[in-house]
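Chains, contacts and geometry: an overview
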Amino acid sequence: MAAEDIHFECYADHCETMPFDEIVLYSGWLDASSTIIVCYLPERIMRQFGYQQMIPRHPYESAPIAMTRRHLDEVFAFWEHHLVPAEARATTLERDWSCVEGYIT
C-alpha cells in the first residue's frame with residue numbers, strides 16, 4: 001500500500017448530498033443530552049473536511065474544563081466566535097496526507 005492509496009477526506013464523497021456548513025468547525029463543548037456534555041474538537045480531524053492537518057491546540061484551549069450548562073448555551077449562541085482558528089482553515093488539501101511542518105516528527 002502506498003500513501004496515494006490512503007484517503008482521509010471522508011466528507012468529499014458526501015459534499016454534493018450535504019453541502020458544507022461552517023458550523024461543523026465549531027470547536028468546544030456540545031450539549032448531547034440533559035445529562036451529557038461532550039467535547040468536539042474538529043481541529044484534530046481537519047483532513048476529513050478537506051483542510052491541511054494542523055498541529056491541534058490543547059483541548060483545554062478549545063474547550064475549557066470549567067463549563068456550566070448556562071455558559072455553554074451562551075457560547076453556542078455565538079458559535080461563529082468559537083470556530084477552529086482561521087489559520088487552520090486557510091489551506092485546503094493538496095494531497096490527502098497534507099499536514100503542516102512538524103505535525104508528525
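Here goes a summary of the coordinates provided. Keep in mind the model is a prediction, meaning the values are calculated, not measured. (Residues numbered from 1 in each chain as written. Predicted model: local features only at pLDDT ≥ 70, side-chain atom pairs only at ≥ 80, totals over all residues. Heavy atoms only, no water.)

Another aspect to go through is the overall build of the protein. Helix and strand counts for the protein come out as two helices and two strands. Mapped in sequence order, the helices and strands of the protein form the string β-β-α-α. Out of the 105 residues in the protein, the part that is buried amounts to 29%. For the protein, contacts bridging at least 24 residues in sequence account for 69% of all contacts bridging at least 6. Here the protein displays about 7300 Å² of accessible surface, and carbon together with sulfur accounts for 57% of that area. (Helix = DSSP H or I, 4+ residues; strand = E, 2+ residues; numbered from the N terminus. Buried < 20%, exposed > 50% of the residue type's maximum accessible area, 1.4 Å probe, protein only. Contact = heavy atoms within 4.5 Å. Areas by Shrake-Rupley, 256 points an atom, 1.4 Å probe, with all protein chains shown as cover.)

Per the counting criterion, the structure on display carries one aromatic pair. Arranged with centres 5.0 Å apart and planes meeting at 85°, the rings of Y26 and F76 form a pair that is edge-to-face. Here the residue Y26 occupies a position in the segment before β1 (28–31), and F76 occupies one in helix α2 (residues 69–77), the gap between them amounting to 50 residues. On the basis of relative accessibility, which here comes to 2%, the residue Y26 falls in the buried class. Taking the relative accessible area as the measure of exposure, F76 reaches 35% and is therefore partly exposed. (Phe/Tyr/Trp six-rings, centres within 6.5 Å; stacked < 30°, edge-to-face > 60°.)

Along the chain, E43 falls in the loop between β2 (37–40) and α1 (59–62). With relative accessibility at 0%, the residue E43 sits in the buried group.

Next up on the list: the pattern of salt bridges. As enumerated under the stated definition, the model contains three salt bridges in all. Note that E22 and R89 form a salt bridge whose closest N and O atoms lie 3.4 Å from each other. You can see E22 sitting in the segment before β1 and its partner R89 sitting in the segment after α2, a full 67 residues away along the chain. A salt bridge links R69 to D31; the shortest N-O distance between them is 2.5 Å. Pair noted here: R69 is in helix α2 and D31 is in strand β1, with a separation of 38 residues, a long-range link. Look at R69 and you get partly exposed, because its relative accessible area is 29%. For D31, a relative accessible area of 41% puts it in the partly exposed group. (Salt bridge = Lys/Arg side-chain N within 4 Å of Asp/Glu carboxyl O.)

Further remarks concern the nonpolar core. If you look at the biggest cluster of nonpolar residues, it comprises 14 residues, and the most contacted ones within it are L25, M46 and V84. Other than its neighbours up to four places away in sequence, V84 contacts L25, S27, P42, E43, M46, M54, R57 and R89. (Core = buried A, V, L, I, M, F, W, Y, C linked by side-chain atoms within 4.5 Å.)

A few words now on the pairing of β2. Here four bridges tie β1 to β2, and the two strands are oriented antiparallel to one another. Paired with G28 across the strands is Y40, a residue of β2. Counted along the chain from β1 to the antiparallel partner β2, the turn is five residues long. (Pairing = 2+ DSSP bridges.)

Tracing the sequence through the fold places Q53 in the loop between β2 and α1. Here M46 takes part through its backbone nitrogen, which lies 3.1 Å from a polar atom of the side chain of Q53. Setting aside residues no more than four positions away along its own chain, Q53 makes contact with E43, R44, I45, M46, R47, S98, C99, V100 and Y103. (Polar contact = N/O pair within 3.5 Å; in protein donor to acceptor, adjacent residues only side chain to side chain.)

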